[in-house]
Amino acid sequence: MPNKLTERLRGSLSTLLYFFNTLFWCIPIFLLGLLKLPLPLKGWRTLCNALLDGCASCWIGFNNLIQKTIIKTPFEVVGVDKGSRNEWYLVIANHQSWVDILVLQRVFNQKIPFLKFFLKKELIWVPFLGLAWWALDFPFMRRYSRKFLEKRPHLKGKDIETTRRACAKFRHIPVSVMNFVEGTRFTAHKHDKQAAPYRHLLHPRAGGIAFTLAAMGDQLHKLVDVTIAYPGGIPSYWDFMCGRVGQIKVQVRYLPIDRKLVGDYFNDPEFQQEFQQWLNGIWHEKDQTLSQLLADKTQ
């Protein structure tokens, strides 16, 4: 009982500190976001974006300090130091929990440019965070199902156009574009339903990163392949905040972006097949890496 009480107190304190830290940094981030609207000048927007990314890095930095001093979950990270803050990256990772986002922010803060996630359009209404994500130019996506598009064919391609506009904003300051390639969090039910040929992963969805590469291929320097493992089991956000996660393992690979990966994924069937084969190969390697990182759990 005392241990559970200690965990709950730790979780409550950590969450409270996260809240006040977020509230504090959302104010300058939102104000800077408003300041860059009236003057659509390249130099002015670049300056505002640099200041915005600096505020965001400080925000994440204090969150990381909370993790290290209060939560104290041990991290084992391999390969992250090969990055640079002056280059453009496309970052991909497996997705198991909301904790993945906290892990990625901790691992990459001040190592590579600030991570920009593709978010569901509905998340713009999240209190405080929605406005901060908007000011930081996080792209908000509205994805349409195949059945929906069959009834409203005039909306076909709108999500891709949103991606195009978002990528255009990333041309003037180094950025790390983040994509959870599976499109959803891993669960045993989803895995069984997909009959995926991987032990620890769902099927990768190639369209999003193929289009990002096509839109920014001349700028992106490397692909950053991240594998996140939780040897003690996939945690919830509350588990993590309470310090119940025994260990988190992260392996990072910086891969070259072959020019052959840049093409018309949606209108070139041959390129589409080759791109899917390339991504499936990375996913098979990631599955093997996860098996190794989870060895402490599976033995």
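Residues numbered from 1 in each chain as written. Predicted model: local features only at pLDDT ≥ 70, side-chain atom pairs only at ≥ 80, totals over all residues. Heavy atoms only, no water.

Considerations on the pattern of salt bridges
- Counted under the stated rule, the structure contains eight salt bridges.
- With a closest N to O distance of 3.6 Å, Lys 116 and Asp 53 form a salt bridge. Here the residue Lys 116 occupies a position in strand S3 (residues 115-117), and Asp 53 occupies one in helix H2 (residues 42-71), the gap between them amounting to 63 residues. We note that Lys 116, like Asp 53, is buried.
- Put simply, Arg 253 and Glu 285 hold a salt bridge, and the shortest N to O gap is 2.9 Å. Highlighted residues: Arg 253 in strand S8 (residues 248-256) and Glu 285 in helix H10 (residues 269-293), separated in sequence by 32 residues.
- Taking the relative accessible area as the measure of exposure, Arg 253 reaches 26% and is therefore partly exposed.
- For Glu 285, a relative accessible area of 38% translates into the label partly exposed.
- Taken together, the salt bridges that share partners define one network made up of Asp 225, Arg 253, Glu 285 and Lys 286. (Salt bridge = Lys/Arg side-chain N within 4 Å of Asp/Glu carboxyl O. Helix = DSSP H or I, 4+ residues; strand = E, 2+ residues; numbered from the N terminus. Buried < 20%, exposed > 50% of the residue type's maximum accessible area, 1.4 Å probe, protein only.)

Digging into unusual backbone geometry
- Positive phi values are uncommon outside glycine, yet Phe 128 reaches one of about 65°.
- One can find Phe 128 in the loop between strand S4 (119-120) and helix H4 (129-135).
- In this model, Asp 137 sits at a positive phi of 65°, which is unusual for a non-glycine residue.
- When you line up the elements, Asp 137 lands in the loop between H4 and strand S5 (140-141).

What about the side chain of His 200?
- Locating His 200 in the fold gives a position in the loop between helix H7 (188-194) and helix H8 (207-216).
- Using a relative accessible area of 13% as the deciding quantity, one classes His 200 as buried.
- Side-chain polar atoms of His 200 contact the side chain of Ser 291, separated by 3.0 Å.
- Those residues in contact with His 200, other than ones at most four positions away along the chain, are Phe 186, Asp 287, Leu 290, Ser 291 and Leu 294. (Polar contact = N/O pair within 3.5 Å; in protein donor to acceptor, adjacent residues only side chain to side chain. Contact = heavy atoms within 4.5 Å.)

Things to note about the pairing of S8
- Where strand S1 (residues 75-78) and S8 come together, four bridges link them in parallel fashion. Of the residues in S8, the one forming a bridge with Glu 76 is Lys 249.
- Strand direction decides the pairing type here: strand S7 (residues 222-229) and S8, joined by eight bridges, are antiparallel. Bridge pairing in S8 links Lys 222 to Pro 256. (Pairing = 2+ DSSP bridges.)

Some details on the packing of aromatic side chains
- Applying the stated criterion across every chain, the model contains eleven aromatic pairs.
- With a centroid separation of 5.1 Å and an interplanar angle of 85°, the aromatic rings of Phe 24 and Trp 25 are classed as edge-to-face.
- Residue class for Phe 24 comes out exposed when judged on its relative accessible area of 53%.
- On the accessibility criterion, Trp 25 (18% relative accessible area) is buried.
- With a centroid separation of 6.2 Å and an interplanar angle of 55°, the aromatic rings of Phe 114 and Phe 138 are classed as tilted. Taken together, the positions of Phe 114 in the loop between helix H3 (99-108) and S3 and Phe 138 in the loop between H4 and S5 put the pair 24 residues apart, joining distant regions of the chain. Take Phe 114 and Phe 138: they sit in the same class, and that class is buried. (Phe/Tyr/Trp six-rings, centres within 6.5 Å; stacked < 30°, edge-to-face > 60°.)

Details of the UniProt feature "transmembrane region" (unreviewed entry) in the protein chain
- Per the UniProt entry, the sites bearing "transmembrane region" (unreviewed entry) are residues 12-35 in this numbering.
- Summarising residues 12-35: 100% helix, 0% strand, and an end-to-end C-alpha distance of 35 Å. (UniProt positions renumbered as here; feature names shortened; annotations may be inferred.)

Some details on a nonpolar patch on the surface
- On the surface, Leu 16, Phe 19, Phe 20 and Phe 128 cluster together into a nonpolar patch covering about 390 Å² of accessible area.
- Mapped onto the fold, Phe 20 is located in helix H1 (residues 2-35).
- Here Phe 20 falls in the partly exposed class, since its relative accessible area comes to 46%. (Patch = residues over 30% accessible without salt bridge, like charges linked within 9 Å, V, L, I, M, F, W, Y side chains within 5 Å. Areas by Shrake-Rupley, 256 points an atom, 1.4 Å probe, with all protein chains shown as cover.)

What about the side chain of Asp 287?
- Tracing the chain through its elements places Asp 287 in helix H10.
- Buried charge without a salt bridge: Asp 287, with Arg 199 as the nearest opposite-charge side chain at an N-O distance of 7.0 Å.
- With residues up to four places along the chain from it excluded, the contact list for Asp 287 reads Tyr 198, Arg 199, His 200 and Leu 201. (Lys, Arg positive; Asp, Glu negative; His and termini not counted.)

Structural notes on the packing of H8 against H10
- Put simply, H8 and H10 touch, their axes get as near as 11 Å, and they point 110° apart. In terms of their interaxial angle, H8 and H10 are classed as roughly perpendicular. Judged by the sense of rotation from one axis to the other, the crossing of H8 with H10 is right-handed. Residues Ile 209, Ala 210 and Leu 213 of H8 form the contact with H10, whose participating residues are Phe 275, Trp 278 and Leu 279.
- For the contact of H8 with H10, the class distribution of residues is six nonpolar, no polar and no charged. (Axes fitted to C-alpha atoms, helices over the stretch in contact; angles between N-to-C directions. Parallel < 35°, antiparallel > 145°, perpendicular 65-115°, else oblique. Left-handed = near helix turned anticlockwise from the far one by under 90°. Nonpolar A, V, L, I, M, F, W, Y, C, P; charged D, E, K, R; others polar.)

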